[in-house]
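# Per-entry structural report
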Amino acid sequence: MNGPGEILPGLARRFGEKTALVTPDRRLTFVELDELSDRVAAGLTERGVRPGRPVSLYAPNSWEWVVAYHGALKAGAVVNPVNVMLTAEELAFVLRDCGAAAVLTTADQAGRVAELTADLPDLHSVVAFGDLPETRDDVVAFAALLDSTGPVPQVEPDPAQPCTIGYTSGTTGHPKGAVQSHRAVLWNCAATATMHGRSADDVVVTALPAPHVYGNVVINGTFLVGGTVVLMPRFDPAQTLRLIAEHRATLFEGVPAMYAMLLAHPDLADADLSSLTRCTVGGQTIPVSTVERWERRSGAPLIELWGMTEISGLGTTHPLHAPPRPGSIGVSLPGVQVRIADLADATRDAPVGEPGELMIRGPVVMLGYHGRPEATAEVLEPDGWLHTGDVATMDDAGYVFVVDRRKDMIITAGYNVYPAEIERVLAGHPGVAMVAAGPVPDPVKGELACAYVVRTDGDTTTGAELIAYAREHLAAYKVPRLVQFVDALPATSTGKIMRRELIKGFDVDSAVGTAVD
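Below is a short write-up of the structure. (Residues numbered from 1 in each chain as written. Predicted model: local features only at pLDDT ≥ 70, side-chain atom pairs only at ≥ 80, totals over all residues. Heavy atoms only, no water.)

### Points about the sheet that holds strand 2 (residues 26-29)
Sheet architecture is open: nine strands sit in the order 2-1-11-10-12-13-14-15-16, paired in mixed fashion. Edge positions in the sheet fall to strand 2 and strand 16 (331-332), since each of these pairs with one other strand and no more. Inspection of the sheet shows strand 12 (residues 251-254) paired to strand 13 (residues 278-281) by four bridges, in the parallel sense. Across the sheet, Gly254 pairs through a bridge with Val281, a residue of strand 13. (Pairing = 2+ DSSP bridges. Helix = DSSP H or I, 4+ residues; strand = E, 2+ residues; numbered from the N terminus.)

### Describing unusual backbone geometry
Backbone geometry follows two general trends: most residues other than glycine have a negative phi, and most peptide bonds adopt the trans configuration. Backbone geometry at Arg248 places phi at a positive 50°, although glycine is not the residue there. Note on placement: Arg248 falls in the loop between helix 9 (237-246) and strand 12.

### A short note on the state of the cysteines
Working definition of a disulfide: a covalent bond connecting the sulfur atoms of two cysteines. Overall, the coordinates contain zero disulfides when judged by the stated rule. Free cysteine Cys98: the closest other cysteine sulfur is in Cys163, separated by 14 Å. Left without a disulfide partner, Cys163 is nearest to the cysteine sulfur of Cys189, which lies 9.0 Å away. (Disulfide = S-S within 2.5 Å.)

### With respect to the packing of aromatic side chains
In total, this model carries seven aromatic pairs according to the counting rule given. An angle of 35° between the planes, with centres 5.6 Å apart, marks the rings of Phe15 and Phe30 as tilted. Of this pair, Phe15 sits in helix 1 (residues 7-15) while Phe30 sits in helix 2 (residues 30-46), and the two are 15 residues apart along the sequence. The exposure class of Phe15 is buried, given its relative accessible area of 16%. A relative accessible area of 0% places Phe30 in the buried class. Relative to Tyr69, the ring of Trp65 has its centre 5.6 Å away and its plane inclined at 15°; by these criteria the two rings are stacked. Taken together, the residues span about one helical turn, with Trp65 and Tyr69 both in helix 3 (residues 63-74) at a distance of four residues. Using a relative accessible area of 3% as the deciding quantity, one classes Tyr69 as buried. (Phe/Tyr/Trp six-rings, centres within 6.5 Å; stacked < 30°, edge-to-face > 60°. Buried < 20%, exposed > 50% of the residue type's maximum accessible area, 1.4 Å probe, protein only.)

### Points about the nonpolar core
Within the largest apolar cluster, 108 residues are counted, with the highest numbers of intra-cluster contacts made by Leu104, Phe142, Phe223, Phe252 and Trp294. In terms of residue count, the dominant contributor to this core is helix 3 (eight residues). Beyond its immediate stretch of four places on either side in the chain, Phe252 contacts Val205, Thr206, Phe235, Thr240, Ile244, Met258, Tyr259, Leu262, Leu276, Arg278, Cys279 and Thr280. With 23 residues, the next largest nonpolar core counts Val82, Ala107, Ala128 and Val179 among its residues. (Core = buried A, V, L, I, M, F, W, Y, C linked by side-chain atoms within 4.5 Å. Contact = heavy atoms within 4.5 Å.)

### With respect to the packing of helix 4 (residues 88-98) against helix 5 (residues 107-116)
Their axes nearest at 10 Å, the elements helix 4 and helix 5 cross at an angle of 60°. Overall, the two elements helix 4 and helix 5 adopt an arrangement that is oblique. Pair helix 4 / helix 5 crosses with right-handed handedness. Between helix 4, through Ala88, Leu91, Ala92 and Leu95, and helix 5, the contact on the second element is made entirely by Arg112, Val113 and Leu116. (Axes fitted to C-alpha atoms, helices over the stretch in contact; angles between N-to-C directions. Parallel < 35°, antiparallel > 145°, perpendicular 65-115°, else oblique. Left-handed = near helix turned anticlockwise from the far one by under 90°.)

### Section: the sheet that holds strand 17 (residues 337-341)
Across the sheet, four strands lie side by side as 17-18-20-21; this open sheet has antiparallel pairing. Two strands in the sheet have a free side with no partner beyond their single neighbour: strand 17 and strand 21 (400-405). Looking at each pair of strands side by side, their axes are set apart by 45° on average, direction ignored. As defined by bridge partners, strand 18 (residues 356-361) adjoins strand 20 (residues 386-394) across four bridges and the pair is classed as antiparallel. Paired with Glu357 across the strands is Val391, a residue of strand 20.

### Regarding the pairing of strand 11 (residues 228-231)
Of the two faces of strand 11, the one carrying Thr228 and Val230 and the one carrying Val229 and Leu231 are both buried. With two bridges connecting them, strand 1 (residues 19-23) and strand 11 associate as parallel partners. Across the sheet, residue Val22 finds its bridge partner in strand 11, namely Val230. With four bridges joining them, strand 10 (residues 203-206) and strand 11 adopt parallel strand pairing. Bridged to Val205 within strand 11 is Val230. Between the parallel elements strand 10 and strand 11, the chain passes through helix 8 (residues 213-224) in a crossover that is right-handed. (Right-handed = clockwise from strand over helix to strand, strands pointing away.)

This is a description of form; function is not addressed.
Put into C-alpha cells, the structure is as follows:
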C-alpha cells in the first residue's frame, strides 16, 4: 500500500459488509464506501481531473466528504481539504493558490463558489453535495458523479509525491499550503492506530472536522484497522453523550474545549459512558484537572497527543498501555524523531527539563509549503528538522511537555508568561467551565495577562476570587491581572480556542482587575 487512496479496496475485500461509517443520514459499509468512491474517481476523471491536480473539498463533516476524499485520491488527484470557516475572500485565495481542478462543496454554497471561481482557467467543475436549490449550468450535482459509468482510473501513487495540500490558519498574511506526501499521510494514520491500539472492534465517535489533520487521522486510522466511525456534522455535547451510549462507542476523540463542555453539561450525570475504553485529546494543551475529571467520570484513560498541519497529523502521543504521564503530550510516533532546541540557537539541544522549541523530523514532515520556497526554508532545516513554534520541555524518558505556542507568549514587564499555564490553573477552579488567557496592552508593563472565563452554570465566583486562587498556584508575575467573564470563547472549526481573537471582546469597564504590583 503506497498511500491512503489504496485503503478502501483492501478493506472492502477484508471486511465486506461491516459498517464503516455512520452519519445522521446514512450508514455505509466498507464495500459501499469503496464502490461509491470508485464512482467519484471515474466521474472526476470524465470531467477533466488529471493525476497530480488538486481537488478541493469545502464542506462540513458528511458521508459525501469522506467518499469524495477517497474518490479524489483514487483519481490520482491531490486533495485540498478546506476549512469551512474560511471567508469568501480566503476561500478564493486558497482555490487560486493551489490551482484547484475541481471543488466539491455543499448545495447551499455551490452557487457562491461557482461565482468565486468563474475566472479560474484550470477549474473544471464545481460539484454540490445534496439537492441544489436551483438548476445551474456551472454546478454539477454530486449524484451525477455517483452515476458515472466510466472506467475507474488505475492509478498507483508514488509514496513520495503529493497527496494533500492543507492550508494553515493564516493568522498573519495569507495562509500557506502544507504539501503532504502519500507516505506521510498513510504513515501517520498507521502509526497513530498502532500507538492507540485501534482494532476492528473499535467504534469511534467524533466531531473533529474531516478537513483537519487530526480529524483525518481519526477517520482513516480507524478505517485502516476495520473500525467504525460515527461522524458528527458538528460538536454538540448532548448529542455526543447520546451517540456514545447508542453505538457503544469504545473511543471518543476531541479537543480540550469539547471535554470542558461535556463535563459542564447537565446530561453528563445520567450518561452511559461504560463502553469507552480510551479517549484522545489534542489540538491545544489541556489542563491536568480536566483530564482527571474526565477519567474519573468516564472510567477511560484520556490520551493526550500533539500534532500540526505540517506533519499530516500527529507527531507525539502516549502508547496505550504505557504508564500515564499527566500533562505530557507523550513520545514521538514510531519512525519519528523529536528534540527540544535551544531558543537562541536551534542547532543546539536545550538541557533536559529546560524549555526550548519543539522540533520534529521523519516521514510525517511536509514536503514544503506550496509555491513558497522562502517560507519553507524558514521552518524546515536542510537536515529535515521542522520548527514547530511550540515551546516545550522533555524529560529523561523522552516524554514531551508543551509549555505553549511561542507566538502566544505574553511579555509583561520583561517576564515571559505563557497563557497555557494560567489556563491550566484556573481550569481547576470549580466555578470555571472554560477559560482562555491573552494579552491586553498596558502603558507601564507593555502587556498584562487577562483571563476570559466562562462560568459553570449558576456559579457566582468573582474575578477577585479567581485571581486570588491563581496566586496560590502561580508565581506572582504569572498571575492574571484581569478577569473578564464571557458567555463563550472564540473557537476554530475544530474547537480550538483562538487566543488572538480574545482581545476583540475585551471590555475595560467589565474586566475585574487587581493592583499591579
